[in-house]
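# Architecture and fold: a report
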Amino acid sequence: MKKIPRRIVTGIKNGKSTITEDKTVENVVEHFPNLIISDIWNTQQSPANLNFENKIPNLGFPQTPKNGTYFRYVSIPPDKELGIEIKPNEPHPMMHQTPTLDYIIILSGELYLIVEDGETLLKPGDIVIQRGTNHAWSNRSTEPCIQLAILIDAKKK
């Protein structure tokens, strides 16, 4: 499995700020071939408790805690490596909806954001504000696309 970035966590020791952890992320899974997901951090409430970490399992489709958040690293392989069949004129097989407000940043590669009424090509530095709508990702290139996502529990009014 591919290595992903270091996770550096800060805290307070003897009344001073300190680095409490500095190591390669270990919470990594591969739900589909070459689709690498790591749920790096989460909060269980808002406002967040700065002295608490709850280890969470990586799920293909996250279950963000009520009033909580997920911080997620995702490496999406080219569609041809994913092992799914994309049929013309049918919804993308990975179309899904999460009840969250998501802030997504494309770090490398390129990726199509697909929604029910269209799609757009994303490149490094692009930012997506995903507001609880049906969506899918399609990597039509030959290289993986790396994105960081922060998922925040949300509600529709």
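Below is a short write-up of the structure.

Of the regular secondary structure elements, the chain holds one helix and eleven strands. Starting at the N terminus, the α and β elements of the chain follow one another as β-β-β-β-β-α-β-β-β-β-β-β. Whereas a compact globule of 157 residues would reach a radius of gyration of roughly 15 Å, the chain reaches 17 Å, a difference of no more than 12%. Oriented by its inertia axes, the alpha-carbon framework of the chain measures out at about 60 × 40 × 25 Å. When the 157 residues of the chain are sorted by exposure, 36% land in the buried category. Considering only residue pairs separated by 6 or more positions, the chain has 61% of its internal contacts joining residues 24 or more positions apart. About 9900 Å² of surface is accessible on the chain, with carbon and sulfur atoms providing 53% of the total. Charge centroids of the chain, computed over 18 positive and 18 negative side chains, lie 9 Å from each other.

Attention now goes to the pattern of salt bridges. Scanning the model with the defined rule gives four salt bridges in all. Across the pair Arg 7 and Glu 21 runs a salt bridge, and its minimum N-O distance is 2.8 Å. Placement of Arg 7 in strand E1 (residues 6-13) and of Glu 21 in strand E2 (residues 16-24) is noted, with a sequence separation of 14 residues between them. Of the two residues, Arg 7 and Glu 21, neither departs from the other in class, the shared state being buried. For Glu 119, the salt bridge goes to Arg 140, with nearest N and O atoms at 2.8 Å. Of this pair, Glu 119 sits in strand E8 (residues 118-122) while Arg 140 sits in the loop between strand E10 (136-138) and strand E11 (145-153); the two residues are 21 residues apart in sequence, bridging distant segments of the chain.

A few words on the packing of aromatic side chains. Both the distance between ring centres and the angle between the ring planes are used here to describe each pair of aromatic rings. If you walk through the whole model with that rule in mind, you get zero aromatic pairs. Above the face of the Tyr 112 ring, Arg 140 is positioned so that its terminal group lies 4.0 Å from the ring centre.

Before going further, it helps to spend a moment on the environment of Thr 64. If you trace the backbone, Thr 64 turns up in the loop between strand E4 (35-43) and strand E5 (69-76). Since its relative accessible area comes to 17%, Thr 64 is described here as buried. The sequence separation of Thr 64 and Thr 98 amounts to 34 residues, and the corresponding C-alpha distance is 8.8 Å. Residues contacting Thr 64, with those up to four places away along its chain left out, are Thr 69, Tyr 70, Thr 100, Leu 151, Ile 152 and Asp 153.

About the criteria used
- Residues numbered from 1 in each chain as written.
- Predicted model: local features only at pLDDT ≥ 70, side-chain atom pairs only at ≥ 80, totals over all residues.
- Heavy atoms only, no water.
- Helix = DSSP H or I, 4+ residues; strand = E, 2+ residues; numbered from the N terminus.
- Rg over C-alpha atoms; globule rule 2.2 N^0.38 Å.
- Buried < 20%, exposed > 50% of the residue type's maximum accessible area, 1.4 Å probe, protein only.
- Contact = heavy atoms within 4.5 Å.
- Areas by Shrake-Rupley, 256 points an atom, 1.4 Å probe, with all protein chains shown as cover.
- Lys, Arg positive; Asp, Glu negative; His and termini not counted.
- Charge placed at Lys NZ, Arg CZ, Asp CG, Glu CD.
- Salt bridge = Lys/Arg side-chain N within 4 Å of Asp/Glu carboxyl O.
- Phe/Tyr/Trp six-rings, centres within 6.5 Å; stacked < 30°, edge-to-face > 60°.
- Lys NZ or Arg CZ within 6 Å of the ring centre and 35° of its normal.

Shape is all these values report; function is a separate question.
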